[in-house]
Amino acid sequence: MKVDKWQVSVALVCIILGVLLAVQFQTQQSISEAVPTRRVEELASMLKETKDYQKVLDQEESKLKKQLLEKSMGANNGTDKMIKEDISQINNLSGLTQVQGPGLKVTLDDSQRAPKEGEDPNLYIIHNEDILKVVNELWAGGAEAMSVNNQRITATSEITCAGPTISINQTRIAPPYIITAIGNPSTLYTSMHLRGGIVEALQYFAKQYGIQVKIEKQEKIVIPEYKGSRELKYAKTQKAGD
Amino acid sequence: MWLPLLGLLLGIILGMASSIHISPLYVNYMAMAILAALDSVFGGIRAGLEKKFDQKIFISGFFTNALLAALLTYLGDKLGVNLYLAATVGFGMRLFQNLAIIRRLLLQ
């Protein structure tokens, strides 16, 4: 069979065409193999179910913990009253019991205004740093117990950024953020309003961008107990001679 | 006619075997390259059948077509206008025209 010269050239381009086709085909296939939207929705609903179940388990856990606490308090019935008081003090301090008393309520909320064109939307929302600073200022002002959206702040509580929400005690909380602190209300109030303090900064943002800040003295504040895990895996008491 | 077909097969086998994956960002560019190659192949076959095939014109046509198509796609990306559609339509029309002429030449 006679082979024309043009057929060789066309065949060469055909090789290129074939390679391109194969690569494109493979790429398209890998795109369509990516997680489809429906699967994402399915997973989201599964996640929600699991979270609901977790909530139920959390409630059960806190109930059992309360029982355990009562039992351990009861066991000391015959012994010194001092020990009982000590335990209750330690529990209050470490956040294992619900406490109440006078204090301060600080409410922070995102701005209701929409950011203007070209403005940083981050200026219109409350960040974990803001909460962290308020909490820190309240501790400095002599707060004895604190919670943010009913999450007790303990020695191991984190206050981190979790996308559009804030994570405290591994639990995501959403605005409005209500920070409650038990302590001397007027001392706490003054510590919040220190010149150059966090509230002054926040109030600047309130004026400028519409962030909402509210500080109220309260006669009675109830702060719930810490509901997370309280087992220490690594930190052990150091014994004498270790 | 069998040599171009053989080339196509060889190319597909080569591409499959290489398992090259390109970023989804460049899928449009690949599509344009494929169209340019297809256009060149049909144009080449037609010219060959009409006995006025010119190596230089064929090869330069292939590369300039691919380049212009890629340029249009890039420009469209930057401008937010689907300019690659222009190349798609242009190549598509030429494909059908060339195919019609090849059909006629083969049947005569």
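Scroll up to find the structure.
An account of the accompanying structure is given in this report. Since this is a predicted model, take the numbers as computed values, not measurements.

**Topic: the overall build of chain B**
In terms of helices and strands, chain B carries four helices and zero strands. For chain B, the proportion of its 108 residues judged to be buried stands at 30%. Partitioning the contacts of chain B with sequence separation of at least 6, the portion at a separation of at least 24 is 74%.

**Points about the overall build of chain A**
Helix and strand content of chain A: six helices and eight strands. Reading chain A from its N end, one meets helices and strands in the order α-α-α-β-α-β-β-β-β-β-β-α-α-β. Counting across all 242 residues of chain A, residues that qualify as buried make up 34%. Restricting the contact set of chain A to residue pairs at least 6 apart, pairs at least 24 apart contribute 74%. Accessible surface computed for chain A: about 15900 Å², of which carbon and sulfur atoms make up 55%.

**Let's talk about the interface of chain B and chain A**
Chain B puts 34 residues into the contact, and the matching count from chain A is 27 residues. Note on chain B versus chain A: buried area summed over both sides is about 2800 Å², and carbon and sulfur give 80% of it. The tally of links between chain B and chain A comes to zero salt bridges. The tally of links between chain B and chain A comes to four residue pairs in polar contact (both at pLDDT 80 or more). Tallied by class, residues from the side of chain B that touches chain A come to 25 nonpolar, nine polar and no charged.

**Points about the packing of helix α2 (residues 27-49) of chain B against helix α3 (residues 55-79) of chain B**
Residues and elements named next belong to chain B. Interhelical geometry of α2 versus α3 gives an angle of 155 degrees and a closest axis separation of 9 Å. Comparing the axis directions of α2 and α3 gives the class roughly antiparallel. Crossing geometry of α2 relative to α3 is assigned as right-handed. Touching Asn28, Tyr29, Met32, Ala36, Ala37, Asp39, Ser40 and Gly44 of α2 are Phe58, Gly61, Phe62, Asn65, Ala66, Ala69, Ala70, Thr73, Tyr74 and Asp77, all from α3. Among the residues making up the contact of α2 with α3, the classes are represented as ten nonpolar, six polar and two charged.

Parameters and conventions
- Residues numbered from 1 in each chain as written.
- Chains lettered and ligands numbered in written order.
- Predicted model: local features only at pLDDT ≥ 70, side-chain atom pairs only at ≥ 80, totals over all residues.
- Heavy atoms only, no water.
- Helix = DSSP H or I, 4+ residues; strand = E, 2+ residues; numbered from the N terminus.
- Buried < 20%, exposed > 50% of the residue type's maximum accessible area, 1.4 Å probe, protein only.
- Contact = heavy atoms within 4.5 Å.
- Areas by Shrake-Rupley, 256 points an atom, 1.4 Å probe, with all protein chains shown as cover.
- Buried area = accessible area lost by both parts, 1.4 Å probe.
- Salt bridge = Lys/Arg side-chain N within 4 Å of Asp/Glu carboxyl O.
- Polar contact = N/O pair within 3.5 Å; in protein donor to acceptor, adjacent residues only side chain to side chain.
- Nonpolar A, V, L, I, M, F, W, Y, C, P; charged D, E, K, R; others polar.
- Axes fitted to C-alpha atoms, helices over the stretch in contact; angles between N-to-C directions.
- Parallel < 35°, antiparallel > 145°, perpendicular 65-115°, else oblique.
- Left-handed = near helix turned anticlockwise from the far one by under 90°.

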